[in-house]
Amino acid sequence: MKHIAAYLLCVLGGNDSPSKDDVTAALSSVGVEADSDSLDKFMAEMEGKELDEVMEAGKGMLAKFGGGGGGGGGGGAGGAAAAAEEEEEEEEEEEEAPAMATDMFGGDDGGDY
């Protein structure tokens, strides 16, 4: 994936046909080491191909996977009322808490320990 990203960055930078050395230099400029076997394989697959055509073919393949779930529809207007009601309940719970100062073990002798 890092090789593909570096290749694409080279193309975006104006190099229409980046070489293996270009991709390696781009990776090393940010402290990433290129894996020569993976890079060789990638460069062999890209040889003689236009990036636009490869991207378009890939987009067509991704269309087969679908877009995932559509997500649920929005809830009715009751959602806001439920949130307000929940907020009121939390406030009531806080008010009901006793204001007693006790130590960790339940005693109230006023000492630090």
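What comes next concerns the included structure. (Residues numbered from 1 in each chain as written. Predicted model: local features only at pLDDT ≥ 70, side-chain atom pairs only at ≥ 80, totals over all residues. Heavy atoms only, no water.)

Notes on the overall build of the chain
Across its full length, the chain holds five helices and zero strands. Traced from its N-terminal end to its C-terminal end, the chain shows the element sequence α-α-α-α-α. Each of the 113 residues in the chain was classed as buried or not, and the buried ones make up 11%. At a minimum sequence separation of 6, the contacts of the chain that also span at least 24 residues come to 44%. Looking at the chain as shown, the accessible area adds up to about 9300 Å², and 53% of this sits on carbon and sulfur atoms. (Helix = DSSP H or I, 4+ residues; strand = E, 2+ residues; numbered from the N terminus. Buried < 20%, exposed > 50% of the residue type's maximum accessible area, 1.4 Å probe, protein only. Contact = heavy atoms within 4.5 Å. Areas by Shrake-Rupley, 256 points an atom, 1.4 Å probe, with all protein chains shown as cover.)

Describing the nonpolar core
Grouped together as the largest cluster of nonpolar side chains are nine residues: Ala-6, Tyr-7, Val-23, Leu-27, Leu-39, Phe-42, Met-43, Met-46 and Leu-51. Secondary-structure elements contributing two or more residues to this core are α1 (2-12), α2 (20-28) and α3 (36-46). Beyond its immediate chain neighbours, meaning those up to four positions away, Val-23 contacts His-3, Ala-6, Tyr-7, Cys-10, Pro-18, Leu-39 and Met-43. (Core = buried A, V, L, I, M, F, W, Y, C linked by side-chain atoms within 4.5 Å.)

Focus on the pattern of salt bridges
Opposite charge on two side chains allows them to pair when their charged atoms are near. The full count for this structure, using the stated rule, is two salt bridges. Note that Lys-20 is salt-bridged to Asp-40, the shortest N-O span being 2.7 Å. Linking Lys-20 in helix α2 with Asp-40 in helix α3, this pair joins segments that are 20 residues apart in sequence. According to the relative accessible area criterion, Lys-20 is partly exposed, its value standing at 32%. For Asp-40, a relative accessible area of 36% gives the class partly exposed. A salt bridge links Lys-59 to Glu-56; the nearest nitrogen and oxygen atoms lie 3.9 Å apart. Of this pair, Lys-59 and Glu-56 are both found in helix α4 (residues 51-63), three residues apart, which corresponds to roughly one turn of the helix. (Salt bridge = Lys/Arg side-chain N within 4 Å of Asp/Glu carboxyl O.)

A few points about the packing of aromatic side chains
For the structure shown, the criterion picks out one aromatic pair. Judged by centre distance (5.2 Å) and plane angle (85°), the rings of Tyr-7 and Phe-42 are edge-to-face. One end of the pair, Tyr-7, is in helix α1; the other, Phe-42, is in helix α3, with 35 residues separating them in the sequence. Residue classification places Tyr-7 among the buried positions, given a relative accessible area of 5%. A relative accessible area of 13% means that Phe-42 is categorised as buried. (Phe/Tyr/Trp six-rings, centres within 6.5 Å; stacked < 30°, edge-to-face > 60°.)

Observations concerning the packing of α1 against α2
Taken N-terminus to C-terminus, the directions of α1 and α2 make an angle of 100°; their axes are 9 Å apart at the nearest point. With respect to each other, α1 and α2 are oriented roughly perpendicular. Every residue of α2 that contacts α1 at Lys-2, His-3, Ala-6, Tyr-7 and Cys-10 is listed here: Asp-22, Val-23, Ala-26 and Leu-27. Looking at side-chain class alone, the contact of α1 with α2 contains six nonpolar, one polar and two charged residues. (Axes fitted to C-alpha atoms, helices over the stretch in contact; angles between N-to-C directions. Parallel < 35°, antiparallel > 145°, perpendicular 65-115°, else oblique. Nonpolar A, V, L, I, M, F, W, Y, C, P; charged D, E, K, R; others polar.)

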